[in-house]
Amino acid sequence: MDAAKRFDVLFDTEQALREGRLSGAQAEAVSAAAFTDPGAQQSLLASATVNGLRGLKQDCARVSAAACVDEMAVYERVRRARSIRHWQDPDGTGRIEVRGPIDQTARVMAALEPYERAIFEENRRTGNHARPEQTAFDALVRRCVIAGCHVTRQLEIDHNVPLCDGGTTGYENIHRVCGFHPREKHPTSARLVGEPGQMRLRPNERPPP
Ligand SMILES: [Zn+2]
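Predicted, not measured: the structure shown is a model, and the values here were computed from it. (Residues numbered from 1 in each chain as written. Predicted model: local features only at pLDDT ≥ 70, side-chain atom pairs only at ≥ 80, totals over all residues. Heavy atoms only, no water.)

J.: Describe the coordination of the zinc ion, with residues and values.
T.: Around the zinc ion, the protein supplies Cys144 (SG), Cys149 (SG), Cys178 (SG) and His181 (ND1) as donor atoms, at distances of 2.2 to 2.4 Å. Here the zinc ion binds 4 donor atoms, and the angle range of 94 to 126° at the metal identifies the geometry as tetrahedral. Donor residues binding the zinc ion come from one chain and are separated in sequence as C-x4-C-x28-C-x2-H. Pair noted here: Cys149 is in the loop between helix H7 (132–140) and strand S3 (156–159) and Cys178 is in the loop between strand S4 (174–177) and helix H8 (180–185), with a separation of 29 residues, a long-range link. (Donors = N, O, S within 2.8 Å, 3.2 Å for Na, K, Ca; no water. Tetrahedral: all angles 85-135°; square planar, octahedral: opposite > 155°, others 65-115°. Helix = DSSP H or I, 4+ residues; strand = E, 2+ residues; numbered from the N terminus.)

J.: Quick rundown of the pairing of strand S2 (residues 94–99)? Include the residues and the values.
T.: As paired strands, strand S1 (residues 83–88) and S2 are joined by 6 bridges and run antiparallel to one another. By the bridge assignment, His86 is partnered in S2 with Ile96. (Pairing = 2+ DSSP bridges.)

J.: Describe in detail the packing of helix H3 (residues 24–36) against helix H4 (residues 41–50), supporting the description with residues and values.
T.: Contact geometry for H3 and H4: axes closest at 10 Å, N-to-C directions at 155°. Regarding the angle of H3 to H4, the classification is roughly antiparallel. Crossing of H3 against H4: the hand is right-handed. Counted together, Gln26, Val30, Ala33 and Ala34 of H3 and Gln41, Leu44, Leu45 and Ala48 of H4 form the full contact between these two elements. Grouping the constituent residues of the contact of H3 with H4 by class yields 6 nonpolar, 2 polar and no charged. (Axes fitted to C-alpha atoms, helices over the stretch in contact; angles between N-to-C directions. Parallel < 35°, antiparallel > 145°, perpendicular 65-115°, else oblique. Left-handed = near helix turned anticlockwise from the far one by under 90°. Contact = heavy atoms within 4.5 Å. Nonpolar A, V, L, I, M, F, W, Y, C, P; charged D, E, K, R; others polar.)

J.: So, the nonpolar core: which residues are in play, and what are the values?
T.: Counting residues in hydrophobic clusters, the biggest one holds 15 residues, and the most contacted among them are Leu22, Val30, Leu44 and Cys60. Leaving out residues up to four positions away in the same chain, Leu44 has contacts with Val30, Ala33, Ala34, Leu56, Asp59, Cys60 and Val63. Core analysis: the second largest hydrophobic core is formed by 9 residues, Cys144, Leu155, Cys178 and Leu192 among them. (Core = buried A, V, L, I, M, F, W, Y, C linked by side-chain atoms within 4.5 Å. Buried < 20%, exposed > 50% of the residue type's maximum accessible area, 1.4 Å probe, protein only.)

J.: Which residues make up the packing of aromatic side chains, and what values go with them?
T.: This structure, assessed with the given rule, holds 0 aromatic pairs. The ring of Trp87 is capped by Arg85, whose NZ or CZ atom sits 4.8 Å from the centre of that ring. (Phe/Tyr/Trp six-rings, centres within 6.5 Å; stacked < 30°, edge-to-face > 60°. Lys NZ or Arg CZ within 6 Å of the ring centre and 35° of its normal.)

J.: Hey, could you go over H4 for me, with residue numbers and the actual values?
T.: Listing the buried residues of H4 in full gives Gln41, Leu44, Leu45, Ser47 and Ala48. All buried residues of H4 project into a common sector of 155° when viewed along the axis, lining one side. Among the exposed residues of H4, those pointing more than 90 degrees away from its buried face are Thr49 and Val50. Packed against the buried residues of H4 are helix H2 (11–18), H3 and helix H5 (53–80). (Arc of directions from axis to C-beta.)

Have a look at this one:
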């Protein structure tokens, strides 16, 4: 985080700098450390008035190190409380609550993104106005596009016309299929035809060489 942003939350440090009670180097050291632990701002400002820059920097290093330990402890507490809970509301709504460290839940959400994009494009094409949270749900419970296939797990994105055969990465060329169907599709260069959910494999009719 740059100094200007830190100063937004560290008003007293900024004021001391403006009034000339802190040098630029002191203000930079205080703001960096106090940003990791805003509660330490006053004691660091006090340190700046009695210690030289080197003493101040030592105090700042101590504050930052302690804040880092705190942060790791918080992360570990969140990680230990990780869970997925699944229950049913009286009206029949199924509910899932996922809890865990933010970097890990963010990874799950990021993994949904290609599927959300594909569904969004499908919806746009068919004039289906789903809200983003509905699209995200559909991405989570996605199923294989092949007619009669109800597989919902470990789906892959299939480029109907392979990229090496000149296929595009556009929505019209990508479909979600289960791990079983590519094995059936690729050796015969078959193509998917029909509407998603009702697609069938048709042998590729290559023009004669
Ligand atoms: Zn399938």
